[in-house]
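Spelled out, the chains give:
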Amino acid sequence: MSDQHQPGETPQSWEEMLRSMLGDGADEVMAEMRERGIDPTALGGPPDPVMMQYALAQVQKMLSAEGAGPVNADVAHDVARQVAVSKGDPSLTGKQAKEATDALAVAELWLDAVTDLPPAGGTRRAWNRSEWVEATLPVWNQLAAPVASSVSEALATVLRDQLPEGIDDGEAIPGMPAGVLHGLGGSIDPAQMMRRLGSAVFGMQVGQAAGTLSHEVFGATDVGLPLLDSPDTVLLPTNVAAFAEGLDAPIEEVRQFLAVRESAHARLFTHVPWLRSHLLSIVERYARGITIDLDALESQVRDIDLADSDALRSALSGGVFGLQNTDEQKSVLLNLETTLALVEGWVDEVSAIATLPHLPHAIPLREMIRRRRAAGGPAEQTFSTLVGLELRPRRSRDAATLFSIVARVHGTMGRDAVWDHPDLLPGTQDLDDPSGYLVRREAAENEHADVDAALKEIFGEDMAGDDQPADNKGSDDTPAEQDGPAQQDGPAEKDSPAEEDGPADGTKGEGRG
């Protein structure tokens, strides 16, 4: 394009700089700027050298970050902190911190009465938004890493033809200001440079998502994923107060209700040992299966100034994922949605039972949180651009109904026993028909018991054949055989009160009998 500057040439006005950066898309972008009240032609003379130097330093920092991994954690951290404090993030007062930790302490007492899962056992904390970002950002980086790696490789592939094979650190390259490579040392591999740039840009994406989420969350667990390695429970008093402003319920009730939900999540993630790794591995498996649409990526970055990280970040946010999901991808996504719904459904049901005797507004607060989780927010939409999926428990109401039915028939112990093993978790069929879940589970358990009995009989005969002379071996087996029925009778007697409860509420109890 004739009106674009050559590499290293200094633009003489803001309009010239924008045209140099945006290429064919400059007119459209500047028209949108004018609609928003910003006229590039009225911004005066050449861009401020100080601003240009700052931008140059930022790009140099990104390109010199060796071994940053798929997501540049430093960039993610800086952006997340900036977004977290963008609307103010004052330190908490002693009063705010005490109110939050006291609410979490009361929550544990209420939950003790309605679930057999014990308290998480961690520290009760009150955080501002910046503290939440610091604590949760490592998990966000981990979740975004598979897609970030694919995008960086794709970016290097797409831009390979636009860059020379070897670039010296004093050389100007198209789309970047003169001197951007100064000080990086020697000849630079363009592909490696693009990987570093992709890592930095994805770091910006992760930081933007985490920083935005810090304005929406109430604790460390309400996005449905375990974001902490520790069993701590957390409340963000600033966000709780902002949420309570638009409600009829007093803030004390709102705070206590949210504290119960946070503590219930923490109990589940702590005392169901496989759940945390199960959820995170599902997200990772889905993300690793995403493909990058190289044609879409090339069209979006073709005319972008590589020095403009915001423009590059926007380009990578739009439609570069190949979302033609395979059957395996669809299965993984369904598994994730079901597991998220079960987590939210259990927490929803347990929290409602725990708060109903104490909080007059427990029912409307429950409904408010249900709708809020189902609708999602800006941060969840941002996260969907990072890994190509939304973290919304679409069927949490069905899951809550299922846990309610199990509790009525088999009590709280039976309800919490649903989490005993991932293979025993309810599936989509169970959410479609919660009332039939117990019958299907009992049939599956009976089938497993028949297989176990057959294996025991086979291996028992083999063992007896190997030790024919040992009479004492047979006598040792006798008590074990006698103990078998006694052990089978134990659970039947334990379940008998739950079976008596079944007919009282109209639920079939003969499935257990």
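The notes below deal with the structure included here. Every value quoted in this text rests on a predicted model; they were computed, and no experiment measured them.

## A closer look at the packing of helix α10 (residues 275–288) against helix α13 (residues 327–355)
At their nearest, the axes of α10 and α13 sit 9 Å apart, and the two run at 145° to each other. The interaxial crossing formed by α10 with α13 has left-handed handedness. Across the interface between the two elements, Leu275, His278, Leu279, Ile282, Val283, Arg285 and Tyr286 of α10 pack against Gln329, Val332, Leu333, Asn335, Leu336, Thr339, Leu340 and Val343 of α13. Here the residues of the contact of α10 with α13 sort into 10 nonpolar, 4 polar and 1 charged.

## Digging into the pattern of salt bridges
Tallied over the entire structure, the rule returns 20 salt bridges. For Arg395, the salt bridge identified is with Asp432, shortest N-O distance 2.7 Å. Here the residue Arg395 occupies a position in the loop between α15 (378–387) and α16 (396–416), and Asp432 occupies one in helix α17 (residues 428–432), the gap between them amounting to 37 residues. What makes Arg395 partly exposed here is its relative accessible area of 26%. Connected through shared salt-bridge partners, Asp348, Glu349, Arg366 and Arg370 make up one network.

## Focus: the packing of aromatic side chains
Scanning the model with the defined rule gives 3 aromatic pairs in all. Each ring, one from Phe403 and one from Trp419, has its centre 5.9 Å from the other, and the planes form 15°; the classification is stacked. Highlighted residues: Phe403 in helix α16 and Trp419 in the loop between α16 and α17, separated in sequence by 16 residues. An aromatic cluster is defined as three or more aromatic residues linked by ring pairs; in this entry it consists of Trp274, Phe403 and Trp419.

The rules behind these values
- Residues numbered from 1 in each chain as written.
- Predicted model: local features only at pLDDT ≥ 70, side-chain atom pairs only at ≥ 80, totals over all residues.
- Heavy atoms only, no water.
- Axes fitted to C-alpha atoms, helices over the stretch in contact; angles between N-to-C directions.
- Helix = DSSP H or I, 4+ residues; strand = E, 2+ residues; numbered from the N terminus.
- Left-handed = near helix turned anticlockwise from the far one by under 90°.
- Contact = heavy atoms within 4.5 Å.
- Nonpolar A, V, L, I, M, F, W, Y, C, P; charged D, E, K, R; others polar.
- Salt bridge = Lys/Arg side-chain N within 4 Å of Asp/Glu carboxyl O.
- Buried < 20%, exposed > 50% of the residue type's maximum accessible area, 1.4 Å probe, protein only.
- Phe/Tyr/Trp six-rings, centres within 6.5 Å; stacked < 30°, edge-to-face > 60°.

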